[in-house]
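# Inside the fold
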Amino acid sequence: MSLEELQETYATAGQSQVFTFYDSLDESSQKLLVSQLATIDPARVSRIAETVLSQAPESDPSEITPLPESATASVLTAPPSQIEEWEKIGTSLIAQNSVAVVLLAGGQGTRLGSSAPKGCFDIGLPSHKSLFELQAERIVSLQNLVQNRTGKTEVIIPWYIMTSGPTRAPTETFFKEHSYFGLDPSNIKFFEQGVLPCIDNSGKILLEGKDKVAVAPDGNGGIYRALVQEDVLLDFAKRGIKHVHAYCVDNCLVRMADPVFLGFAESRGVLVATKSVPKRHPKENVGLIVAKDGHPAVIEYSEISDEMAHRTVVDSESGKKVLAFRAANIVNHYYSVEYLDTIPTWSENYLPYHIARKKIPCVDLETGESISPSKPNGIKMEQFIFDCFPQLDFAQFGNLEVRREDEFSPLKNKAGTVGEDDADTSRADLLKQGKRWVVAAGATVSDDVAGVEVPPLISYVSNLLFHEGTVSSVRLGYERSS
């Protein structure tokens, strides 16, 4: 496309302001600007901007109900025989090399006080293993476990790691420097989520500099578009992948390709499934998995009334009173590739875009001066990964409730600032889990030992403990209670 054609494309979309300083730039800066603008579809940006700026308010909360029992199950109350059956089914799927793992790793550790990708973060374990290393070793452990259980010559769980522009290069470098943590690099594929230009309150694209458009990642819902554009779906087809587990990098307790979860989804014959944990208390500020207008959905805690938040029901399996709205979303999902193959038919037109009003550094179009705003001056547009749920019927969707202490400890905040969901709580949760595991395996641990680090290479989960190691291999006594 020639410069004149590019300018005409932006003018037609009502976004010609991006060329405001073009004539004053040197040749190198002009090339940089044109190169970036050529990767953006201004008509699409204007269309999305018009939609998000005029979108209707959320629907009436009275249309929100708890998930139907037919679509849910819980490892907290399911009989051991049921969990074992799910695990056998999931193990069989992994043994067929039909399971892949997709990691959402586009975030930087800015809120943690680090400029590195969040997956590189050291939560302070005795081993000082990063989140990436913990997760890589769980994949290695599970591959070995399934291989030993089934007698398969080679079990491969390919790992697809979705980065963003700022995290792509440092993530790949980190993996290379650590020899891919024992995994075969041919089974790791890095890909990149998309970006969207930031806009002002009237829908105009903002310039970060005279030669650069301000952009931001398109949200974790950008995974769907990226799976298509980065040829990940094609790679699934080449490898014969039929089942996908997707999760966020910041959860140190995550069980990648969890056989129990895979078996649950397969036994239900669903297209999409999700894991949830019970809310800590009625007013916990977490997203909730619910039924909305008769379809699965995730809502903000603020979308239910105080009465709904405190409402209880009697659990059919345990007979105990539990919160009716208790399914806390932990961004931990199963997809059939059959469903993912339909992405091109719905990702662009079905998934809504959400707006986040932010302080966005930009250039004043009249003076050319750089602006560092003290209050929100612009909008970032993003999609959420769970916004595809409402297009499903409950026959196509399942939710598996799991124990928070076993599977969910997110890293969101800098230690010492909020007091929860930080490196201190993540480390403590992982070490407490390890202590429970070794005690359950028959070890004696002193009461003053607050936690034990069980390396993932020794154990994938508690009931599969020490399948190749011994209790003496475990790191004991590194963290003691006061």
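Remember, predicted model here, so these are calculated numbers, not experimental data.

## Observations concerning the environment of S46
Here S46 is to be found in helix α3 (residues 42–53). By relative accessible area, S46 is classed as buried at 17%. Counting along the chain gives 68 residues from S46 to S114, while the straight-line C-alpha distance between them is 34 Å. When near neighbours in sequence (up to four residues on either side) are disregarded, S46 contacts A13 and Q15.

## Digging into the nonpolar core
Ranked by internal contacts, the top residues of the largest apolar core, which has 68 residues, are I94, F132, W159, F175 and L400. Top element by residues in this core is helix α5 (residues 131–150). It accounts for seven residues. Here this core gathers at least three residues from each of two domains, domain 1 (62–412) and domain 2 (423–481). Contact partners of F132, with chain neighbours within four places excluded, come to L103, A105, G119, C120, W159, T171, F174, F175, F181 and V249. Y160, V298, V331 and I343 belong to the second-largest nonpolar core, a separate cluster that totals 40 residues.

## With respect to the packing of helix α4 (residues 80–95) against helix α9 (residues 259–268)
Packing of α4 against α9 brings their axes to within 6 Å, and their N-to-C directions diverge by 95°. By the angle between their directions, the pair α4 and α9 is classed as roughly perpendicular. Touching I83, W86, E87, I89, G90, T91, L93 and I94 of α4 are P259, V260, L262, G263, F264, E266 and S267, all from α9. Each residue belonging to the contact of α4 with α9 can be placed in one class, and the counts come to nine nonpolar, four polar and two charged.

## A few points about the domain arrangement of the chain
Under the domain assignment, the chain is made up of domain 1 (62–412) and domain 2 (423–481). The straight-line distance from the C-alpha centre of domain 1 to that of domain 2 is 26 Å. Contacts between domain 1 and domain 2 engage 29 residues on the former and 22 residues on the latter. At the junction of domain 1 with domain 2, the criterion picks out one salt bridge. For the salt bridge of D406 with R436, the shortest nitrogen-to-oxygen distance reads 3.2 Å. Across the domain 1-domain 2 interface, the total number found is nine residue pairs in polar contact (both at pLDDT 80 or more). Mapped onto the side of domain 1 that touches domain 2, the elements with two or more residues apiece are α5 and α13 (404–407). Of the residues forming the side of domain 1 that touches domain 2, the biggest block, nine residues, is contributed by α5. Split by residue class, the side of domain 1 that touches domain 2 holds 15 nonpolar, five polar and nine charged.

## What about the pattern of salt bridges?
This model, assessed by the stated rule, comprises 24 salt bridges. Where E348 meets R44, a salt bridge forms, and the shortest distance between an N and an O atom there is 2.9 Å. With a gap of 304 residues between them, E348 in the loop between α12 (343–346) and β17 (354–358) and R44 in helix α3 connect regions that are remote in the sequence. For E348, a relative accessible area of 22% corresponds to the partly exposed category. Classification of R44 as buried rests on a relative accessible area of 10%. For R225, the salt bridge is made with E348, and the minimal N-O distance between the two is 2.9 Å.

## Focus: the state of the cysteines
Scanning the entire structure with this criterion turns up zero disulfides. With no disulfide of its own, C362 lies 9.6 Å from the sulfur of C198, the closest cysteine sulfur. For C362, a relative accessible area of 7% corresponds to the buried category. Residue C388 stays outside any disulfide, its sulfur separated by 14 Å from that of C248, the closest cysteine.

## Quick word on α4
Compared with the 22 Å implied by 1.5 Å per residue over 16 residues, the 22 Å span of α4 between its first and last C-alpha is a close match. If you check which residues of α4 are buried, you get W86, E87, G90, T91, L93, I94 and A95. Considering only its buried residues, α4 is in contact with β2 (72–74), β3 (99–104), α5, β10 (243–248), α9 and β21 (397–401).

What counts, and at which threshold
- Residues numbered from 1 in each chain as written.
- Predicted model: local features only at pLDDT ≥ 70, side-chain atom pairs only at ≥ 80, totals over all residues.
- Heavy atoms only, no water.
- Helix = DSSP H or I, 4+ residues; strand = E, 2+ residues; numbered from the N terminus.
- Buried < 20%, exposed > 50% of the residue type's maximum accessible area, 1.4 Å probe, protein only.
- Contact = heavy atoms within 4.5 Å.
- Core = buried A, V, L, I, M, F, W, Y, C linked by side-chain atoms within 4.5 Å.
- Domains from an automatic or database assignment.
- Axes fitted to C-alpha atoms, helices over the stretch in contact; angles between N-to-C directions.
- Parallel < 35°, antiparallel > 145°, perpendicular 65-115°, else oblique.
- Nonpolar A, V, L, I, M, F, W, Y, C, P; charged D, E, K, R; others polar.
- Salt bridge = Lys/Arg side-chain N within 4 Å of Asp/Glu carboxyl O.
- Polar contact = N/O pair within 3.5 Å; in protein donor to acceptor, adjacent residues only side chain to side chain.
- Disulfide = S-S within 2.5 Å.
- Expected span 1.5 Å × (residues − 1).

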